[in-house]
Amino acid sequence: MNELEERVLSAMERLDDNALQDAVREAVASGFTSARIEELLQQGMSRVQKLFERGEYFLADLIVSGMMFRTALANLLPESEAVPESGKRGRVLIGVVSGDIHDIGKDIVVQVLRTEHFDILDLGVDVPAADFVRSAQDYRPDVIALSGVMGSSSVEMQKVISALAEAGIHPYTPVIVGGACVSELVMGQIGADQYARGPLDTMLFCKNVMDRKLRHE
Ligand code: B12
């Protein structure tokens, strides 16, 4: 790990927002890819989580590190292309599945998608499958995004995807899953269309879905 990479990690660990944003700007200028910077930010958050688990940091510190993560990612995004005439790039329905109340990761994803002009319906946390179905019927999203970190969350995601299929919404509307409960492998097992490790991949997936739709209109 070089000195600049270590500066990103250590600024996050110390919850020093100014130092973090400076280090990220320098990393961009030195040619680091967005994916590498996102990886470093995630590693920095893991350090904060370890301090939280050891009792040295409070929950508020973890939330602050989530906010720093969000700001750094927003600064990373390339100049937004012109917003389409509709004023929006597409609609994303998102929520944390039933039995899970962890929303820091989901909120980061929401923030990045909003920055990129997606219209978001955020159902919050602990959302039952039936609520995803009802909201999808009313809101008619282009993408449905499921978040979860608990061990039980992947089973809940599968329930949501089955309920969406029964209602004739999936696979017509693609489902992207993310959060610590899922992986590429789990994505296949539960019948989701896409897995993303972080917000930048999520944004690329949503943009691709919209590009495909616009080409077929
Ligand atoms: C913060 C935290 C809490 C906070 C939550 C605050 C909040 N508002 O979210 C509080 C203190 C309330 C809490 C409560 C509990 N927690 Co807790 N918590 C954590 C902790 C420390 C960090 C989670 C986090 O925010 N990570 C940071 C974010 C940024 O990461 P992320 O969620 O993975 O998100 C990233 C990606 O995954 C992705 N992503 C996220 N969502 C999505 C969605 C889509 C669509 C996509 C594409 C991508 C994506 O993008 C994000 C940014 O990169 C973890 C431990 C750990 N080290 O992970 C335990 C942990 C998740 N908690 C755990 C547990 C057990 C609980 C409790 C049951 C504890 C208890 N006994 O009371 C409760 C209740 C949980 C419930 N019913 O949901 C366990 C889960 C174990 C398991 N595998 O089942 C963990 C792993 C701790 C542990 N080691 O045991 N918790």
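Remember, it's a predicted structure, so these values are computed and weren't measured experimentally.

Turning our attention to the domain arrangement of the chain. Partitioning the chain into structural domains gives domain 1 (3-76) and domain 2 (91-216). Taken over C-alpha atoms, the centre of domain 1 sits 25 Å from the centre of domain 2. Contact with domain 1, which involves 11 residues of that partner, is made by 9 residues of domain 2. Taking both sides of the interface into account, the surface hidden between domain 1 and domain 2 amounts to around 870 Å²; carbon and sulfur atoms contribute 73%.

What follows deals with the pattern of salt bridges. Under the definition given, this model contains 15 salt bridges. Here aspartate 122 ties to lysine 106 by a salt bridge, and the two come within 2.9 Å at their closest N and O atoms. Of this pair, aspartate 122 sits in strand S2 (residues 119-122) while lysine 106 sits in helix H5 (residues 104-115), and the two are 16 residues apart along the sequence. The class of lysine 106 is buried, set by a relative accessible area of 4%. Through salt bridges with shared partners, one network takes in Glu3, Arg7 and Glu26.

Inspection of the region around the ligand gives 34 residues, with Gln42, Ile101, His102, Asp103 and Gly151 positioned closest. Within the side chain of glutamine 49, an N or O atom sits 2.8 Å from a nitrogen atom of the ligand. The backbone of isoleucine 101 places a nitrogen or oxygen atom 2.6 Å from an oxygen atom of the ligand. Residues that form the shell around the ligand fall into these classes: 18 nonpolar, 11 polar and 5 charged. Each of domain 1 (3-76) and domain 2 (91-216) gives at least three residues to the shell around the ligand.

To continue, consider the environment of alanine 145. Among the structural elements, alanine 145 can be located in strand S3 (residues 143-147). On the basis of relative accessible area, alanine 145 is assigned to the buried category, the value being 5%.

What follows covers the sheet that holds strand S5 (residues 194-195). The sheet built from 5 strands is open, its strands ordered S2-S1-S3-S4-S5 with parallel pairing. The sheet is open, and its two borders are formed by S2 and S5, each paired with just one other strand. Alignment of strand S1 (residues 91-96) against S2, held across 4 bridges, turns out to be parallel. From the neighbouring strand, isoleucine 94 faces S2, where its bridge partner is aspartate 122. The sheet strands contacting H5 are S1, S2 and S3, and the helix crosses S2 at an angle near 160°. Against the sheet, helix H9 (residues 199-216) engages S1, S3, strand S4 (175-178) and S5, with an angle of about 160° to S3.

It is worth spelling out the packing of helix H4 (residues 59-76) against H5 at this point. At a minimum axis distance of 10 Å, the contact between H4 and H5 shows a crossing angle of 25°. One element, H4, and the other, H5, form an angle in the roughly parallel class. Crossing angle aside, the handedness with which H4 passes H5 is right-handed. Touching Leu62, Ile63, Gly66, Phe69, Arg70 and Leu73 of H4 are Ile104, Asp107, Ile108, Gln111 and Val112, all from H5. Its residues placed into classes, the contact of H4 with H5 shows 7 nonpolar, 2 polar and 2 charged.

Conventions we followed
- Residues numbered from 1 in each chain as written.
- Predicted model: local features only at pLDDT ≥ 70, side-chain atom pairs only at ≥ 80, totals over all residues.
- Heavy atoms only, no water.
- Domains from an automatic or database assignment.
- Contact = heavy atoms within 4.5 Å.
- Buried area = accessible area lost by both parts, 1.4 Å probe.
- Salt bridge = Lys/Arg side-chain N within 4 Å of Asp/Glu carboxyl O.
- Helix = DSSP H or I, 4+ residues; strand = E, 2+ residues; numbered from the N terminus.
- Buried < 20%, exposed > 50% of the residue type's maximum accessible area, 1.4 Å probe, protein only.
- Near = heavy atom within 4 Å.
- Polar contact = N/O pair within 3.5 Å; in protein donor to acceptor, adjacent residues only side chain to side chain.
- Nonpolar A, V, L, I, M, F, W, Y, C, P; charged D, E, K, R; others polar.
- Pairing = 2+ DSSP bridges.
- Axes fitted to C-alpha atoms, helices over the stretch in contact; angles between N-to-C directions.
- Parallel < 35°, antiparallel > 145°, perpendicular 65-115°, else oblique.
- Left-handed = near helix turned anticlockwise from the far one by under 90°.

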